[in-house]
Amino acid sequence: MAVRITEVCINCDSCIDECPATAIVSASDSPINGDTTYVKPEKCIECSDGTTPKCADACPTEGAIVWDLPYTPEYNAYYVAGHESGLYNIREHKKNGIMFPEVSPKPYREAISIADRQAHAPVAG
């Protein structure tokens, strides 16, 4: 994953239809808390072929969509810990197991610094 939705989200769901990877679900369908719209980290492709992630372009709330660490094997431990703590609910595949980054890595924007990702800097839409 490369983006995450924060608690400042107003749950307008404008980002859901814009996601080409169908990685975003409404708060009522969130597998973690039901309070905010949720990005499935194992599906997010960060819209790496465009100028900004499409969800950020559609979002009316500043700071609701932030960068997260790349969904790559180098950050597998981060996502495993997040899954175990309840921050993420990563899908389990019947054959391949939990779809952690080492099983199913995703593309990401290399131009976004790891420092900005670790700080969960807002994605400019």
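Residues numbered from 1 in each chain as written. Predicted model: local features only at pLDDT ≥ 70, side-chain atom pairs only at ≥ 80, totals over all residues. Heavy atoms only, no water.

J.: In this structure, what is going on with the layout of surface pockets? I would like to understand it.
T.: The gaps left among the atoms become clear once a water-sized probe is rolled over them. Taken as a whole, the largest pocket encloses approximately 210 Å³ of empty space. Along its surface, the largest pocket is lined by twelve residues, and Arg4, Ile5, Ile32, Thr36 and Leu87 are the ones closest to its centre. Mapped by element, the contributors of at least two residues to the lining of the largest pocket are β1 (3–5) and β3 (38–39). Split by residue class, the lining of the largest pocket holds six nonpolar, four polar and two charged. (1 Å grid on protein atoms, 1.4 Å probe; cavity = no way out; pocket = protein on both sides within 12 Å on 5 of 7 lines; lining within 4 Å. Points joined across faces, edges and corners; volume = space filled by probe spheres on them. Helix = DSSP H or I, 4+ residues; strand = E, 2+ residues; numbered from the N terminus. Nonpolar A, V, L, I, M, F, W, Y, C, P; charged D, E, K, R; others polar.)

J.: Looking at this structure, how should I read the packing of aromatic side chains?
T.: For any pair of aromatic rings, the description rests on two quantities: the centre-to-centre distance and the angle between the ring planes. A complete count under the given rule lists four aromatic pairs for this structure. Seen in terms of ring centroids, tyrosine 79 and tyrosine 88 are 5.2 Å apart; in terms of plane orientation they differ by 45°. Their pairing is tilted. Tyrosine 79 sits in the buried class, given a relative accessible area of 0%. Here tyrosine 88 falls in the buried class, since its relative accessible area comes to 2%. (Phe/Tyr/Trp six-rings, centres within 6.5 Å; stacked < 30°, edge-to-face > 60°. Buried < 20%, exposed > 50% of the residue type's maximum accessible area, 1.4 Å probe, protein only.)

J.: Explanation requested: helix α2 (residues 76–85) in the structure shown.
T.: Structural remark: α-helix, 3.6 residues per turn; residues separated by three or four positions point the same way. Every buried residue of α2 is listed here: Asn76, Tyr79, Val80 and Gly82. Burial along α2 is one-sided: seen end-on, the buried residues are contained in an arc of 165°. Set apart from the buried face of α2 by more than 90 degrees, the exposed residues are Ala77, Glu84 and Ser85. Glycine 86 sits one or two residues past α2 and shows a positive phi near 95°. (Arc of directions from axis to C-beta.)

J.: Please explain the pattern of salt bridges as it appears in this structure.
T.: Once their charged atoms are close, side chains differing in charge can pair, the charge on each being opposite to the other. Going through the model one piece at a time under the given rule, you end up with three salt bridges. Here aspartate 68 makes a salt bridge to arginine 4, at a shortest N to O gap of 3.9 Å. Pair noted here: aspartate 68 is in the loop between β4 (65–67) and α2 and arginine 4 is in strand β1, with a separation of 64 residues, a long-range link. Pair check on accessibility: aspartate 68 and arginine 4 agree, each one buried. With its nearest N and O atoms 3.0 Å apart, the salt bridge here joins arginine 117 to glutamate 46. Linking arginine 117 in helix α3 (residues 114–118) with glutamate 46 in the loop between β3 and α1 (54–58), this pair joins segments that are 71 residues apart in sequence. Note on accessibility: arginine 117 and glutamate 46 belong to one class, buried. Salt bridges linked by common partners bring Glu46, Arg109 and Arg117 together as one network. (Salt bridge = Lys/Arg side-chain N within 4 Å of Asp/Glu carboxyl O.)

J.: Any chance you could explain the nonpolar core here in plain terms?
T.: Core analysis: the biggest nonpolar cluster contains 18 residues, and Val3, Ile5, Ile24 and Val39 have the highest contact counts within it. Those elements that provide at least two residues to this core are β1, α1 and β4. Not counting residues within four places of it along the chain, the set of residues in contact with isoleucine 5 comprises Cys15, Ile24, Thr37, Tyr38, Val39, Ala64 and Ile65. With ten residues, the next largest nonpolar core counts Tyr71, Tyr79, Met99 and Phe100 among its residues. (Core = buried A, V, L, I, M, F, W, Y, C linked by side-chain atoms within 4.5 Å. Contact = heavy atoms within 4.5 Å.)

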